[in-house]
Each structure stands twice: as C-alpha cells, then as structure tokens.
Amino acid sequence: MLILTFQVNCASWHILGIKEALAMLLERWGDVRLVDVREAQKAAPE
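For the structure given in this document, a descriptive report is provided here.

### A closer look at the pattern of salt bridges
Next up, step 1: Using the criterion set out here, one finds 2 salt bridges in the structure.
Next up, step 2: Between Glu 20 and Lys 19 there is a salt bridge, with its nearest N and O atoms 2.6 Å apart.
Next up, step 3: In this structure Glu 20 comes out as partly exposed when scored by relative accessible area, which is 36%.
Next up, step 4: Across the pair Arg 38 and Asp 36 runs a salt bridge whose closest N-O atoms are separated by 2.6 Å.
Next up, step 5: Asp 36 sits in the partly exposed class, given a relative accessible area of 45%.

Following this line, the structure appears as structure tokens:
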C-alpha cells in the first residue's frame, strides 16, 4: 500500500473535482480511497 500526499494551491470549492480526477487516474493501478483533506491557512506576507 502507498500513501501519497498532494499539496494543491486552489480554492476550497475545487476539492471534489480534484479528488475525483486523482481517484480516476489512480484506480487503474488498484483501489483508491480519500483518507484526509485539510485546508491550510496561507502564511501572512512579511
């Protein structure tokens, strides 16, 4: 089993589309499931 971590810089409303696109791409090599989704806060400019 592999656990892959992706960091995507986009609006939170894109989450479902990104998840579906990645799952469809990865399913050709085996079963895929979404384990965790987190929204990180952008760092304040210095």
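There is more to say, and it comes next.
### Notes on the environment of Ser 12
Next up, step 1: Residue placement: Ser 12 occurs in the segment before helix H1 (15-26).
Next up, step 2: Separated by 10 residues in the primary sequence, Ser 12 and Leu 22 have C-alpha atoms spaced 16 Å apart.

### A look at the layout of surface pockets
Next up, step 1: Approximately 1600 Å³ is the volume found for the largest pocket.
Next up, step 2: As for the largest pocket, its lining consists of 33 residues, of which Leu 4, Thr 5, Phe 6, Leu 34 and Asp 36 are closest to the centre.
Next up, step 3: Here the lining of the largest pocket is composed, by residue class, of 19 nonpolar, 6 polar and 8 charged.

Thresholds, definitions, all that
- Residues numbered from 1 in each chain as written.
- Predicted model: local features only at pLDDT ≥ 70, side-chain atom pairs only at ≥ 80, totals over all residues.
- Heavy atoms only, no water.
- Salt bridge = Lys/Arg side-chain N within 4 Å of Asp/Glu carboxyl O.
- Buried < 20%, exposed > 50% of the residue type's maximum accessible area, 1.4 Å probe, protein only.
- Helix = DSSP H or I, 4+ residues; strand = E, 2+ residues; numbered from the N terminus.
- 1 Å grid on protein atoms, 1.4 Å probe; cavity = no way out; pocket = protein on both sides within 12 Å on 5 of 7 lines; lining within 4 Å.
- Points joined across faces, edges and corners; volume = space filled by probe spheres on them.
- Nonpolar A, V, L, I, M, F, W, Y, C, P; charged D, E, K, R; others polar.

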